[in-house]
Amino acid sequence: NQHYDETLHAYALDTETQHVWDFAGQGYVHRLLQNKEDGKLVEVTDPNNTTSQERSLTPGLSDAQEGEVVHRKLEGFASQYYTLLKSQLEQQRTFYE
């Protein structure tokens, strides 16, 4: 907090975890992107936090953890797709026999 009071830097980056702390909002930021027009940092809200605009006091998932979540979701979608495809092919087979 002393650094924020002295410099008014809005964000601090933990270089080990890549988590970003928002001094003004007193919580972790989900994502920051650099605006192409003026180069300023723009916050992207957490898609998992749809009920409030408050900051989280705990950091979000690491990139590896997010990758694992995405991987599991994709595996689930693939499984559903294969089940649907198998069902449709079986229906076509019985129709054309």
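The structure presented is a predicted model; accordingly, all values stated were derived computationally and were not measured.

### Thoughts on the overall build of the chain
In step 1: Looking only at helices and strands, one finds two helices and five strands in the chain.
In step 2: Going from N to C terminus, the chain has its helices and strands arranged as α-β-β-β-β-β-α.
In step 3: Excluding contacts between residues fewer than 6 apart, the proportion of contacts in the chain whose partners are at least 24 apart in sequence is 31%.
In step 4: With an accessible surface of roughly 8,400 Å², the chain has 53% of that area assigned to carbon and sulfur atoms.

### Re a nonpolar patch on the surface
In step 1: On the surface, a cluster of nonpolar side chains totalling about 440 Å² of accessible area is made up of Y81, Y82, L85 and L89.
In step 2: With respect to the element layout, Y81 can be found in helix α2 (residues 63-96).
In step 3: Judged by relative accessible area, which is 49%, Y81 ranks as partly exposed.

### So, the packing of aromatic side chains
In step 1: A complete count under the given rule lists two aromatic pairs for this structure.
In step 2: Each ring, one from F95 and one from Y96, has its centre 4.9 Å from the other, and the planes form 85 degrees; the classification is edge-to-face.

### Some words on the sheet that holds strand β2 (residues 20-22)
In step 1: With respect to topology, three strands assemble into an open sheet ordered β1-β2-β3, the strand pairing being antiparallel. The open sheet has two edge strands, β1 (11-13) and β3 (27-29), and neither has a second partner. Strand-to-strand twist of the sheet, defined as the mean angle between neighbouring strand axes without regard to direction, takes the value 35 degrees.
In step 2: Bridge analysis of β1 against β2 gives three bridges, and the strand direction is antiparallel. The residue of β2 that forms the bridge with L13 is V20.

### Concerning the environment of F23
In step 1: With respect to the helices and strands, F23 occurs in the loop between β2 and β3.
In step 2: Residue F23 is classed as buried on the basis of its relative accessible area of 11%.
In step 3: Residues F23 and H9, spaced 14 residues apart in sequence, show a C-alpha to C-alpha distance of 7.9 Å.

### Details of the confidence of the model for the chain
In step 1: Averaged over the chain, the pLDDT score is 75; the fraction of residues at 70 or greater is 69%.
In step 2: Ranking the helices and strands of the chain by mean pLDDT puts α2 first, with 87, and strand β5 (residues 41-44) last, with 65.

### Remarks on the environment of A24
In step 1: Relative to the assigned elements, A24 resides in the loop between β2 and β3.
In step 2: Separated by 20 residues in sequence, A24 and Y4 have C-alpha atoms that sit 8.5 Å apart.

Calculation rules
- Residues numbered from 1 in each chain as written.
- Predicted model: local features only at pLDDT ≥ 70, side-chain atom pairs only at ≥ 80, totals over all residues.
- Heavy atoms only, no water.
- Helix = DSSP H or I, 4+ residues; strand = E, 2+ residues; numbered from the N terminus.
- Contact = heavy atoms within 4.5 Å.
- Areas by Shrake-Rupley, 256 points an atom, 1.4 Å probe, with all protein chains shown as cover.
- Patch = residues over 30% accessible without salt bridge, like charges linked within 9 Å, V, L, I, M, F, W, Y side chains within 5 Å.
- Salt bridge = Lys/Arg side-chain N within 4 Å of Asp/Glu carboxyl O.
- Buried < 20%, exposed > 50% of the residue type's maximum accessible area, 1.4 Å probe, protein only.
- Phe/Tyr/Trp six-rings, centres within 6.5 Å; stacked < 30°, edge-to-face > 60°.
- Pairing = 2+ DSSP bridges.
- Axes fitted to C-alpha atoms, helices over the stretch in contact; angles between N-to-C directions.
- pLDDT = per-residue confidence, 0-100.

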